[in-house]
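The primary structure of each chain is shown beneath.
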Amino acid sequence: MPPKVDWEKCDGCKGKDEPLCEQICPGNLMTLNENNKAFCRPYRHCWDCMSCTKVCPVGAIETRIPFQIGYHGAKLIPMMGTDTITWTCQDIHGNVTRFRYKNRTDED
Ligand code: SF4
Ligand code: SF4
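Values in this document were obtained by computation on a predicted structure and should not be read as measured data.

Asks: Got a minute to help me understand the overall build of the protein in this structure?
Replies: Scanning the protein for helices and strands turns up three helices and seven strands. Shown N-terminal to C-terminal, the secondary structure of the protein runs as helices and strands in the order β-α-β-β-α-β-α-β-β-β. Taken against the 2.2 N^0.38 rule, which gives 13 Å for 108 residues, the C-alpha radius of gyration of the protein at 14 Å falls within 12% of a compact globule. C-alpha atoms of the protein, sized along the principal axes, occupy 40 × 35 × 25 Å. For the protein, the share of sequence-separated contacts (at least 6 apart) that also reach a separation of at least 24 residues comes to 37%.

Asks: Sorry if this is basic, but what is going on with the site of ligand 1 here?
Replies: All residues in the neighbourhood of ligand 1 are listed as Cys10, Asp11, Gly12, Cys13, Pro19, Cys21, Leu32, Ala38, Cys56, Pro57, Val58 and Ile61. By residue class, the composition of the shell around ligand 1 is 10 nonpolar, one polar and one charged.

Asks: Would you mind going over the pairing of strand E7 (residues 96-102) with me for this structure?
Replies: Remember that side chains alternate between the two faces of the sheet whenever the strand is regular. In this sheet, E7 lies alongside strand E6 (residues 84-90) in antiparallel orientation, the contact comprising seven bridges. Bridge assignment links Thr86 to a residue of E7, and that residue is Arg100.

Asks: It is not clear to me how the sheet that holds strand E5 (residues 75-80) should be interpreted in this structure. Could you clarify?
Replies: Strand pairing in a sheet is mediated by backbone hydrogen bonds. Such pairs are either parallel or antiparallel. With antiparallel pairing, five strands are arranged side by side in an open sheet as E1-E4-E5-E6-E7. Strand pairing shows two members of the sheet lacking a second neighbour, strand E1 (4-5) and E7, which therefore form its edges. Bridging between E1 and strand E4 (residues 61-64) involves two bridges; their strand directions are antiparallel. Bridge pairing links Lys4 to Glu62 in E4.

Asks: So what exactly am I meant to see when it comes to unusual backbone geometry here?
Replies: In most cases, non-glycine residues show a negative phi, while peptide bonds are predominantly trans. Positive phi outside glycine occurs at Cys13, with the angle close to 55°. Tracing the sequence through the fold places Cys13 in the loop between E1 and helix H1 (20-24). For Asn36, which is not a glycine, the phi torsion comes out positive at approximately 65°. One can find Asn36 in the loop between strand E2 (30-32) and strand E3 (38-40). Classification of Asn36 by relative accessible area gives partly exposed; the value is 41%.

Asks: Got a minute to help me understand the nonpolar core in this structure?
Replies: The nonpolar side chains of a soluble globular protein tend to be buried with one another. Within the largest apolar cluster, 12 residues are counted, these being Val5, Cys10, Cys21, Cys25, Leu29, Met30, Ala38, Cys40, Cys52, Cys56, Ala60 and Ile61. Excluding anything up to four places from it in sequence, Val5 contacts Cys10, Met30, Ala38, Phe39, Ala60 and Ile61.

Asks: Any chance you could explain the pairing of E5 here in plain terms?
Replies: Note: E4 against E5, two bridges, orientation antiparallel. Opposite Arg64, over in E5, you have Lys75 as the bridge partner.

Asks: Any chance you could explain the side chain of Asn33 here in plain terms?
Replies: Within the secondary structure, Asn33 is located in the loop between E2 and E3. The buried category is assigned to Asn33, whose relative accessible area is 14%. Within the structure, Asn33 has its side chain in polar contact with the backbone nitrogen of Asn35 (distance 2.8 Å). Ignoring anything within four residues of it in the chain, the contact list for Asn33 reads Trp7 and Phe39.

Rules used in this analysis
- Residues numbered from 1 in each chain as written.
- Chains lettered and ligands numbered in written order.
- Predicted model: local features only at pLDDT ≥ 70, side-chain atom pairs only at ≥ 80, totals over all residues.
- Heavy atoms only, no water.
- Helix = DSSP H or I, 4+ residues; strand = E, 2+ residues; numbered from the N terminus.
- Rg over C-alpha atoms; globule rule 2.2 N^0.38 Å.
- Contact = heavy atoms within 4.5 Å.
- Near = heavy atom within 4 Å.
- Nonpolar A, V, L, I, M, F, W, Y, C, P; charged D, E, K, R; others polar.
- Pairing = 2+ DSSP bridges.
- Buried < 20%, exposed > 50% of the residue type's maximum accessible area, 1.4 Å probe, protein only.
- Core = buried A, V, L, I, M, F, W, Y, C linked by side-chain atoms within 4.5 Å.
- Polar contact = N/O pair within 3.5 Å; in protein donor to acceptor, adjacent residues only side chain to side chain.

Set out below in structure tokens:
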């Protein structure tokens, strides 16, 4: 499922020439609208790599789990640490499970 941007949180990367989600998207799908809020265009080309979700500094991008796996309302939220990533998985009943992994480095 394509990313969903919370426009209350998105600050357009504070006027950067190219916002982070736009820089990192391998399909060049993320861009800003006339109000400097990010969105994914066109949805059907997104292949759910979640790079934009991970890079957003204000946590404005949410990944919606396909309904075949998690039903509507299920979420997967990454939080990048210095050398770890924590995934928060919320199911349709609001149950939360967290997984923390060490990030891979060039030496791994
Ligand atoms: S990285 Fe986040 S804050 Fe920056 S433009 Fe994209 S959604 Fe908005
Ligand atoms: S999930 Fe990946 S392919 Fe889809 S918009 Fe984000 S960065 Fe681009």
